[in-house]
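Commentary on secondary and tertiary structure
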Amino acid sequence: MKIKATQIQQAVDNISCMLTNLTCRELPQRGGRQGRVFTFLNGSTVTLQRVNLQVTGTAMVTFEDETTVSVEFSICDRYYLCAPQGTAIDCQVIEYSCEICTVTTSEVTVVIDLCLDVKSSTTVTLDVDAVFCNPRAQQIEKSCPSPVLPPQCPAVFGRGVVENKTSYPALSSNPLIVVQQGEKLCMRAAKVYDWIQDGIYTTLAIARPAITGRIFNVDQGTLYDLIDVAVEDANSGDTLLISPGAYPQDTSLIIDKSLTLRGSSAEQTRITFPDTLPDAAALRLRADNINVERLSLFRTTDEDAEEDTLLEIPQRVPGDYYEGITIRDSILEGGKRTARIKGKDLIFERNIIIHTGDEESLEIQGALGETAIKDNTFRGGDLSRGTVTFVRALEEDRFAGTLRLERNRVERHTQLALFDTRNYEDVSILVRENEFDHEDRGGNSIVFLPFEFPEVESILIEENEVTNPNPGWLAVYVDYSSGGDTSPEPGQIQVLINRFVFEQPWGEETDIISPVAPVGFTASGEDFNMGLEDFELEGNIVPNEPPQEIE
C-alpha cells in the first residue's frame, strides 16, 4: 500500500523551514542481525532481531530576505523486530515536519520530526487450488458449439488423456452447471513478519548567511544599515524587513509614505531614540496604509518637557486623518505619553505598552471609521494616568464610527477609558473583555463627559473584570464636574456581565450611585435629566456590594 507523505511546515519571524530528499534504509551489521530474547509479563519469551536504520535528508531554511540555506542531516535509530534471516526491511517516511525552534542573530535552530513506517517481510510461494468455470447449458436454442478445453502441453501430459472429471465436484447443484475443471495455481506474495510506526526527531543549528546590510527592502531587493536611509529610498507600498539588533536613531524618524516596517521580533529588534529631540514625537507616521510590526520602540522620559511623546500620528489637514495605519506585535516604552493619535480605520493590537510618564498611555485625539484597540498589555508606573482617552485636542478634531476597546490587559493606571463626547457624531462605543487592576492608582475606571450624548448611538460595557482597591471610586461614571449639559437615554449605557471588585465606599458624597454596582454620575446631572435608569445593569458580579437596607 502506498502512503502519501505529509509535510508540516512552520514559519516563525518570517523564517521558514522545509525538508527534501528524504530516504530511509537499513544499515547492514557484521554477522547479520543480532537476535535478543525478550520476556513478556506472562513469562513467555520471544526472539527479536535488531534492525539499524538510517534516515537522511536535506533541511532548507528560508530567511527574512528570501535567501536560503540547505543543510544535509542524518538520523540513525534501531528497532527490535521479528526479522529473521531471509526477511527484508521496508522503511518509509510517511509524515515529517521542520519547525523553527530558536532564532538569534547568528543562527537558527530547527527541529526535524519524522514518522517512520517499518516492515520486515519476505516473498513466499502460495499453492492455491482453483477451478475453471464452464458455461452453463443453453436451454432455449443451441447456437454455440459445446465448449472444448484446449490441449495442455501434449508433450508433457500426452494426447487424449482425460482426467476423471467426477473427481472434481461441481460448485453448485444447479443441473445447468457443467462439471468444473480443476487446476492447481502457484503465485508469489509478500508475507509481513513485523510492522511498526514510530516517531524520531533531531535538531539542527543552521548559520545565517552573511549579509552587508541588516534592513532588507523586499520589493527592490536592496539592503541597508540605517532605517532612515531605507525609508527614504523606499517606494510607496514597499516592505522593509529589519533583522534582529539595536538601531539607535540620531533624531526623530518620519515615515511619509505607505510602507511596512517589520522586525524579526519585538524582543530582538529595538529602535532607540535620543534623550533630546527637535520634535516632540520620536516616531511620526504621515501617510496612509503604514504598518509597524514586531518592533521595539524606546525613548527616555523627560519629566521637564512640555510634550514628550514616543509615537505620533498627526492629522493630514484639519479634520482629515491618515487612514489604514496598523501598529501590532510591538513594544512601546518611554515618553510622558506613549502615543498621540488622529486616524481613520486605526488598528492598535497585541502590543506591550510600558508607560513611564505622567500623562495618558494612548491619547486618541480624533477617530473616524473603525478604531480597534485590542489584545494589548498596558503596564503603568507611579505617575501613570489614563490608559486610553478619546478626547479632542483642537476644535476641528472629530469622532465618528466605532470605538473598540477589547481584550486589553491593564495594570496600574487611574482610568481604563475616558470618552469626552465633544465633536462625536454617530459614535458606537464598545468596551469588552478587558482586565484592569488599578493597583495603587485610584480613579474612576470608565468615564464619560456628557457634552454630546445625543451623538452617541450605543454604549456597551460588557464582560470586563475591573479591580480597584482604593475607596471612593466608581467603575462607570458620567462626570458633569467638567461641564456638559446632555444626558444618555434610559438604558443607553449598557453595563452587562462584568466583574467589579471595588473597595467601599463607592464614589463621593456629591455623586448619585447605584446600590447594586459601582456605577453613577455627578449629582448635578439630575438638572439635565440624568438618572440611574440611564444605566442598564444586568448580570454583573460585585463581591463588595453594600448590604441592602431592610424596610
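Residues numbered from 1 in each chain as written. Predicted model: local features only at pLDDT ≥ 70, side-chain atom pairs only at ≥ 80, totals over all residues. Heavy atoms only, no water.

1. Structural notes on the sheet that holds strand β23 (residues 331-333)
Across the sheet, which stays open at both edges, the 10 strands sit in the order β12-β15-β18-β23-β26-β29-β32-β35-β38-β41 with parallel pairing between neighbours. Bordering the open sheet on either side are β12 (245-248) and β41 (499-502), each of which pairs with just one other strand. Within the sheet, the average angular offset between the axes of one strand and its neighbour, ignoring direction, is 10°. Pairing between strand β32 (residues 409-411) and strand β35 (residues 435-437): 3 bridges, direction parallel. Across the sheet, residue V410 finds its bridge partner in β35, namely F436. (Pairing = 2+ DSSP bridges. Helix = DSSP H or I, 4+ residues; strand = E, 2+ residues; numbered from the N terminus. Axes fitted to C-alpha atoms, helices over the stretch in contact; angles between N-to-C directions.)

2. Here we look at the environment of I89
Checked against the element boundaries, I89 lands in strand β6 (residues 88-103). Each C-alpha atom, one on I89 and one on N52, is 10.0 Å from the other, the two residues being 37 residues apart in sequence. In this structure I89 touches E26, R33, V51, L53, L81, A83, V118, K119 and S120, once residues within four positions along its chain are discounted. (Contact = heavy atoms within 4.5 Å.)

3. Observations concerning the pattern of salt bridges
Side chains that differ in charge, positive against negative, can pair when their charged atoms come close. Counting across every chain of the model gives 30 salt bridges. A salt bridge links E349 to R328; the nearest nitrogen and oxygen atoms lie 2.8 Å apart. Residue E349 is located in strand β25 (residues 347-349), and its partner R328 is located in strand β22 (residues 326-328); the two are separated by 21 residues in the primary sequence. Assessed through its relative accessible area of 7%, E349 is described here as buried. Salt bridges sharing common partners tie together R262, E293, R328, D329, E349, R350 and K374. (Salt bridge = Lys/Arg side-chain N within 4 Å of Asp/Glu carboxyl O. Buried < 20%, exposed > 50% of the residue type's maximum accessible area, 1.4 Å probe, protein only.)

4. Some remarks on the confidence of the model for the protein chain
For the protein chain, the average pLDDT comes to 87, and 84% of its residues sit at 70 or higher. Note that pLDDT drops below 50 for residues 154-172; the model gives that stretch 13 contacts with residues more than four away or on any other chain. (pLDDT = per-residue confidence, 0-100.)

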